[in-house]
Amino acid sequence: MSLRILGIDPGLRATGFGVIDVDGPRLTYVASGVVRTPDGDLPSRLHVLFEGVREVVALHRPTCAAIEKVFVNVNPQSTLLLGQARGAAICALTTGGIAVSEYTALQTKQATVGHGKAAKVQVQQMVVRLLHLDGVPTSDAADALACAICHAHTGTSVATLAVVAPELRTALALGRLRMRRGRLGGA
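Residues numbered from 1 in each chain as written. Predicted model: local features only at pLDDT ≥ 70, side-chain atom pairs only at ≥ 80, totals over all residues. Heavy atoms only, no water.

Right, let's get into the sheet that holds strand β4 (residues 64–68). Remark on secondary structure: sheet strands pair via backbone hydrogen bonds, oriented parallel or antiparallel. With mixed pairing, five strands are arranged side by side in an open sheet as β3-β2-β1-β4-β5. Since the sheet does not close on itself, it has two edges, and those belong to β3 (26–36) and β5 (99–103), each with one partner. Averaged over all adjacent pairs, the angle separating strand axes in this sheet is 20 degrees, with direction ignored. Relative to the sheet, helix α2 (residues 76–95) contacts β1 (2–9), β4 and β5, its axis offset from that of β4 by approximately 175 degrees. (Pairing = 2+ DSSP bridges. Helix = DSSP H or I, 4+ residues; strand = E, 2+ residues; numbered from the N terminus. Axes fitted to C-alpha atoms, helices over the stretch in contact; angles between N-to-C directions. Contact = heavy atoms within 4.5 Å.)

Given 3.6 residues to a turn, an α-helix orients residues that are three or four positions apart in the same direction. Taking 1.5 Å as the rise per residue, helix α5 (residues 139–154) with 16 residues should run 22 Å; its terminal C-alpha atoms sit 22 Å apart, in good agreement. Counting buried residues along α5, 12 of its 16 residues qualify, which places the element largely inside the surrounding structure. Buried residues of α5: A141, A142, D143, A144, L145, A146, C147, A148, I149, C150, H151 and A152, and no others. (Expected span 1.5 Å × (residues − 1). Buried < 20%, exposed > 50% of the residue type's maximum accessible area, 1.4 Å probe, protein only.)

We now examine the side chain of D143. Position of D143 relative to the elements: it lies in helix α5. The buried category is assigned to D143, whose relative accessible area is 9%. Of the polar contacts made by the side chain of D143, one reaches the side chain of K120; its length is 2.5 Å. Among all residues touching D143, those that are not within four sequence positions of it are D9, T108, K120 and V123. (Polar contact = N/O pair within 3.5 Å; in protein donor to acceptor, adjacent residues only side chain to side chain.)

This model, assessed by the stated rule, comprises zero disulfides. Here C147 stays free of any disulfide, with the sulfur of C150 as its closest cysteine sulfur at 6.2 Å. Judged by relative accessible area, which is 0%, C147 ranks as buried. (Disulfide = S-S within 2.5 Å.)

Moving on to the packing of helix α3 (residues 105–112) against α5. For any two helices packed against each other, one specifies the crossing angle of their axes together with the interaxial distance. For the pair α3 and α5, the least separation of the axes is 8 Å and the interaxial angle reads 75 degrees. Accordingly, the angle class assigned to the pair α3 and α5 is roughly perpendicular. Of the residues in α5, those touching α3 at Q107, T108, A111 and T112 are D143, A146, C147, I149, C150 and H153. A class-by-class count of the residues in the contact of α3 with α5 yields five nonpolar, four polar and one charged. (Parallel < 35°, antiparallel > 145°, perpendicular 65-115°, else oblique. Nonpolar A, V, L, I, M, F, W, Y, C, P; charged D, E, K, R; others polar.)

Most of strand β2 (residues 14–23) sits out of view: nine of its 10 residues are buried. Note: β1 against β2, eight bridges, orientation antiparallel. Across the sheet, the residue bridging to L3 is V22, located in β2. With 10 bridges joining them, β2 and β3 adopt antiparallel strand pairing.

Looking now at the pairing of β1. Judged by how many residues are buried, β1 sits mostly within the fold: six of eight residues are covered. Hairpin connection of β1 to β2: four residues between the antiparallel strands. Alignment of β1 against β4, held across four bridges, turns out to be parallel. When the sheet's bridge partners are listed, I8 is paired in β4 with I67.

Right under this line is the structure:
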């Protein structure tokens, strides 16, 4: 049974997305890119982001999604804006009935590169190697693909259950169930 995973690297200006198919240990690149928001007021930018992620979901029909968790930044205002962008992306995913798993940047880099302190260039190069790409994706798209790869390596057992048991997929999407430390439990 193959899964299609949508990885999201949230950002208010540029939100990266990456779609891969997983069939056992085999990872296959499907698509990647960036949803860009224009300058303007926050609500309209969040709307553009929400609609952009919904469009990616409609176009590629992922089985599940993985998104990077917000980290505490030096600038609290930037952290707040990133959290709002992340929230818009999560809402777009769950509105589409997609189960969402969350990973820290450290977890994503560890699963993709082998160590959590990897530089962006290292992440890009490993994504190219793991997915056999002809070119190097932008850093936002590469981070999103890395998030999808991380989920393929660590979260596919839950994603597989979600495909086999639609009621589990619904419970995950609605937040009734959540992954914590690699285990499935109540919210």
